[in-house]
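What follows is each chain in one-letter form.
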Amino acid sequence: MGSGMSCNIISIAPMLGMTNQFFRYLMRLISQQVLLYTEMVTTPAILRGDMRDELSLLTCEHPVVLQLAGNDPKHLAQSARIGAEYGYDEINFNVGCPSHRMQVADFGVCLMRTPETVADCVNAMCEAVNIPVTAKIRLSDTDKIDMVALYRLIKLMSCAGCQTFVIHARGTILKKGWTPKANRSRLPLAYEKVYQLQQSFPQLGIVLNGGITDLSQINEHLQHTAGVMLGRAAYKNPYMFKDFDSLFYQKKSNMYSRETVKSLYLDHIHQHQYRHVPMMIKLKPLLHIYHGEPHASTWCQQLIAAEMR
Ligand SMILES: Cc1cc2nc3c(=O)[nH]c(=O)nc-3n(C[C@H](O)[C@H](O)[C@H](O)COP(=O)(O)O)c2cc1C
């Protein structure tokens with residue numbers, strides 16, 4: 001039976017349309033230690049059985065987490081088993097996504113309204129696999145944060161086997177017009193509530209997510225929580241992770257220069273087996289490697305022009 005404890009200090013958030021195998025390959029050239037996630041995968045998609053290419057892993061990608069979205073314990077258990085067979089190090093249950101598509105399916109953050117169902121799902125996945133089952137949730141499924149409801153959800157889920165909770169430090173508004181982007185930009189972050197959770201549940205790994213952009217913020221949050229997760233910052237500035245292996249894991253990393261990362265990455269995507277993947281999808285993760293450097297945008301344009309020829 002899988003236990004939910006697996007708390008990596010630094011992780012890169014699951015991001016649909018972004019954290020695909022190419023992005024993960026790029027990040028592994030920069031850091032060999034931070035925890036990587038897939039994009040979220042729904043149980044219907046995984047159970048249809050046509051996701052072999054998306055699910056396949058390269059050895060270098062580890063440690064890597066498969067994020068699942070669903071609401072049926074049996075389907076989630078089957079999907080988790082498939083994930084374990086593909087070699088994922090961990091299964092993460094999506095209980096935080098507020099997108100319209102998730103709402104229609106009653107997946108993601110909607111599940112926070114039915115804690116017993118969430119616990120049944122966690123229990124089924126833990127029974128199915130021998131790797132940790134963790135969860136990514138929000139502080140609330142509304143714009144009000146009800147700490148009593150949140151404590152109850154976390155207790156039920158932890159009794160069911162989840163020991164690590166990634167917490168996106170804001171609530172949600174599930175109304176028409178409130179896209180995930182609007183939820184991110186218009187709802188405030190409430191870091192103190194996440195700190196409070198770690199204090200109240202010292203035996204659990206609480207990972208703080210939301211709005212982190214630099215090293216000083218990471219260091220500040222790590223005073224209060226077991227881990228942090230960065231999303232958009234990793235995508236916009238992948239090279240910011242270059243010292244993280246030594247800073248946070250006391251491990252030596254490749255320490256490749258940007259130029260070396262670029263050439264190794266291009267060698268990778270030029271391989272024969274990726275010829276069917278549109279060039280722009282393969283290039284996209286690399287476009288921000290020079291973030292913050294002079295001439296970054298010219299470099300980007302030249303790269304696109306050269307590769308799209
Ligand atoms: C383009 C995009 C796609 C996302 N896709 C997912 C997803 O597949 N699963 C998930 O749990 N969260 C998803 N998120 C939310 C992020 O994982 C993260 O919680 C959010 O961006 C806040 O972290 P940040 O401020 O560090 O970006 C997505 C966010 C973005 C910007």
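Residues numbered from 1 in each chain as written. Predicted model: local features only at pLDDT ≥ 70, side-chain atom pairs only at ≥ 80, totals over all residues. Heavy atoms only, no water.

### Remarks on unusual backbone geometry
Piece 1. Residues His62 and Pro63 are joined by a peptide bond in cis, for which omega reads -10 degrees.
Piece 2. Tracing the sequence through the fold places Pro63 in the loop between helix 3 (52–55) and strand 3 (64–69).
Piece 3. The backbone phi angle of His295 is positive, close to 70 degrees, even though this residue is not glycine. (Helix = DSSP H or I, 4+ residues; strand = E, 2+ residues; numbered from the N terminus.)

### Remarks on the site of the ligand
Piece 1. With respect to spatial proximity, 17 residues lie near the ligand, and among them Leu16, Lys136, Asn209, Gly211 and Arg232 are the closest.
Piece 2. Taking Gln67, its side chain carries an N or O atom lying 2.8 Å from a nitrogen atom of the ligand.
Piece 3. Within the side chain of Asn209, an N or O atom sits 2.6 Å from an oxygen atom of the ligand.
Piece 4. Computed on the free molecule, the ligand has an accessible area of 610 Å², of which 89% lies beneath the protein chains in the complex. (Near = heavy atom within 4 Å. Polar contact = N/O pair within 3.5 Å; in protein donor to acceptor, adjacent residues only side chain to side chain. Areas by Shrake-Rupley, 256 points an atom, 1.4 Å probe, with all protein chains shown as cover.)

### Observations regarding the pairing of strand 2 (residues 36–42)
Look at any regular strand and the pattern is simple: side chains alternate between the two faces of the sheet.
Piece 1. Counting buried residues along strand 2, 6 of its 7 residues qualify, which places the element largely inside the surrounding structure.
Piece 2. Sheet topology places strand 2 next to strand 3; 5 bridges connect them, and they run parallel. Along strand 3, the bridge assignment pairs Tyr37 with Val65. (Buried < 20%, exposed > 50% of the residue type's maximum accessible area, 1.4 Å probe, protein only. Pairing = 2+ DSSP bridges.)

### A short note on the nonpolar core
Inside soluble globular proteins, nonpolar side chains tend to come together where they are buried.
Piece 1. With 94 residues, the main nonpolar core has Ile10, Phe93, Ile137, Met157, Phe165, Leu197 and Phe241 as its most contacted residues.
Piece 2. With near-sequence residues (within four places) excluded, Met157 lies in contact with Val95, Val118, Val122, Ala135, Ile137, Cys162 and Phe165.
Piece 3. In terms of nonpolar packing, the next biggest core, distinct from the first, is built from 7 residues, Tyr37, Val65, Val166 and Met229 among them. (Core = buried A, V, L, I, M, F, W, Y, C linked by side-chain atoms within 4.5 Å. Contact = heavy atoms within 4.5 Å.)

### Here we look at the state of the cysteines
Piece 1. If you walk through the whole model with that rule in mind, you get 0 disulfides.
Piece 2. Of all cysteine sulfurs in the structure, the one in Cys97 sits closest to Cys110, which takes part in no disulfide; the separation is 9.0 Å.
Piece 3. Given a relative accessible area of 5%, Cys110 falls into the buried group.
Piece 4. Take Cys126: it sits in no disulfide, and the sulfur closest to it among the cysteines is that of Cys162, at 7.2 Å.
Piece 5. The class for Cys126 is buried, based on a relative accessible area of 0%. (Disulfide = S-S within 2.5 Å.)

### Observations concerning the packing of aromatic side chains
Piece 1. Applying the stated criterion across every chain yields a total of 7 aromatic pairs.
Piece 2. Centre to centre, the rings of Phe23 and Tyr235 are 5.1 Å apart; their planes meet at 20 degrees, and the pair counts as stacked. With Phe23 in helix 1 (residues 21–30) and Tyr235 in helix 11 (residues 232–236), this pair connects stretches of sequence that are 212 residues apart.
Piece 3. On the accessibility criterion, Phe23 (1% relative accessible area) is buried.
Piece 4. When the centroid spacing of 5.3 Å and the interplanar angle of 50 degrees are considered together, the rings of Tyr151 and Phe201 count as tilted. One end of the pair, Tyr151, is in helix 7 (residues 147–160); the other, Phe201, is in the loop between helix 9 (191–200) and strand 7 (205–209), and 50 residues separate them in sequence.
Piece 5. Since its relative accessible area comes to 19%, Tyr151 is described here as buried.
Piece 6. Residue Phe201 is classed as buried on the basis of its relative accessible area of 6%.
Piece 7. Directly above the ring of Trp178 sits Arg186, whose terminal nitrogen or CZ lies 4.2 Å from the centroid. (Phe/Tyr/Trp six-rings, centres within 6.5 Å; stacked < 30°, edge-to-face > 60°. Lys NZ or Arg CZ within 6 Å of the ring centre and 35° of its normal.)

### Notes on the sheet that holds strand 7
Piece 1. The 8 strands are arranged 1-8-7-6-5-4-3-2 in an open sheet whose pairing can be described as parallel. Looking along the sheet, the strands with just one partner apiece sit at the ends: strand 1 (10–12) and strand 2. Taken over all neighbouring pairs, the strand axes of this sheet differ in orientation by 25 degrees on average, direction set aside.
Piece 2. Looking at chain direction, strand 6 (residues 164–168) and strand 7 are connected through 5 bridges and run parallel. For Thr164, the partnering residue across the bridge sits in strand 7 and is Gly205.
Piece 3. Contacting strand 3 and strand 4 (90–95), helix 4 (residues 73–86) runs over the sheet at an angle of about 160 degrees to strand 3.
Piece 4. Packing of helix 9 onto the sheet brings it into contact with strand 6 and strand 7, and relative to strand 7 it is tilted by some 170 degrees. (Axes fitted to C-alpha atoms, helices over the stretch in contact; angles between N-to-C directions.)

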